[in-house]
Amino acid sequence: MAIDALRRGWPIAIAGADGTLALLPVETADPARLAAFDPNATAPLLLSAGRAATLKLANQIEAAAPDAAVLVERAPWLDFATATALADPQFDLRDPMKGPFRAVHIDAAEAAAAAIGLARIAGMLPAFFALPEGSATLAITPADIAAHEDAARLAIATRAHLPVSGAENAEIVAFRTPEMPGEHIALLIGEPDGNPPLVRLHSECLTGDVLGSLKCDCGPQLDAAIQAISASGWGILLYLRQEGRGIGLINKLRAYALQDQGFDTVDANTRLGFAVDSRNFAVAARMLSLLGQHSVRLLTNNPNKVTALEAAGIAVAERVPHILPANPHNERYLATKRDRTGHQF
Ligand SMILES: Nc1nc2c(ncn2[C@@H]2O[C@H](COP(=O)(O)OP(=O)(O)OP(=O)(O)O)[C@@H](O)[C@H]2O)c(=O)[nH]1
Ligand SMILES: [Zn+2]
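What you see is a predicted model; the values in this text were computed from it and never measured.

**Some words on the site of ligand 1**
Close to ligand 1 lie 23 residues, the nearest being Ser203, Cys205, Thr300, Asn301 and Asn302. For the shell around ligand 1, the secondary-structure elements that each account for two or more residues are strand 10 (198–203), helix 8 (218–232), helix 9 (243–246), helix 10 (249–260) and helix 11 (265–272). Among the elements that line the shell around ligand 1, the one with the most residues is helix 9, at 3 residues. Taken together, the residues of the shell around ligand 1 sort by class into 5 nonpolar, 12 polar and 6 charged.

Below, the structure is given as structure tokens:
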């Protein structure tokens, strides 16, 4: 409901333990909606720290996590067009920013943090006009927002035999929660043989998986995972609906536009105001345990996947490298993964 409202450019309110915020999303608002929401033009701008640091907003923000909340004072000249330029990095290089901007204290810190998280879940830019709101307003809570990604709420919805080109003996199992927009999928390949299954956690990548994008390694990794699992006798491919490392397709494509300007995959995420990796691998652990698997051999080059799975209660008996040949378009992306996000190549 809240995601729907934000996409339509409607204000929402979030009631946290330390206060409530009424929020109008910058991405889908317009000057008329802003005037209706904030007739006195006093609402400060809620941004994320990554975005604020990019705008050279305040020194102390450099140290904050990229997806921490920052409140920017509403200077008289900070109109809707300026707010859009602050929210959306696509014009950063073209339009030098106005300023100076000043960060102000956030009273409703829990609601502010939840708002930044909700923007990511909704696949939108993390930027809102924010007004303090009395307790009479109908508001959602941070817990309502967290429920969207609560692995414990996942359940198996249905399962069916699904022969695929790389593995004829396969079964698809679909999972969902009441809140989450997308369904996660497991593809069970082969017959259990008493050994821990060979498992691949594949995060959705529409551009790579469906269109054959050469910018990343996802498409070839998907095909190779099915082949490797099939060849190993038995195992499980989890297809996780965590497009763009959890920021959604539109935001990933915004990150690609920044990469066209020369930023790498890490800096592009930060400039947009997101963490480098927003994925929640507790979801994968929950799926495996619903499938009765508590120990796996994991196909990955990403040590964070091993750590996250183990933290969520799944033993990783072995990490099996999953390295595919580079091409001229993804060479830099793979080098960035090696040099900046700890991937082992
Ligand atoms: N935000 C963002 N996401 C990207 C980019 N390139 C690829 N992705 C996403 O990254 C995810 C792919 O990561 P994976 O291959 O599952 O995992 P990994 O962390 O690279 O680790 P491996 O298991 O070693 O492959 C998918 O959700 C892609 O959509 C990018 O430049 N920006
Ligand atoms: Zn990809």
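**Some words on unusual backbone geometry**
At Ala41, a position not held by glycine, the phi torsion is positive, near 55°. Position of Ala41 among the secondary structure elements: in the loop between helix 2 (31–37) and strand 3 (45–48). With a phi close to 55°, Arg245 is a non-glycine residue in the positive phi region. Note that Arg245 resides in helix 9.

**Looking at the UniProt feature "domain: GTP cyclohydrolase II" (unreviewed entry) in the protein chain**
Sequence positions flagged by UniProt for "domain: GTP cyclohydrolase II" (unreviewed entry) are, in local numbering, residues 159–321. Here residues 159–321 is 37% helix and 25% strand, with 29 Å between the C-alpha atoms at its ends.

Procedures and definitions
- Residues numbered from 1 in each chain as written.
- Chains lettered and ligands numbered in written order.
- Predicted model: local features only at pLDDT ≥ 70, side-chain atom pairs only at ≥ 80, totals over all residues.
- Near = placed C-beta within 6 Å.
- Helix = DSSP H or I, 4+ residues; strand = E, 2+ residues; numbered from the N terminus.
- Nonpolar A, V, L, I, M, F, W, Y, C, P; charged D, E, K, R; others polar.
- UniProt positions renumbered as here; feature names shortened; annotations may be inferred.

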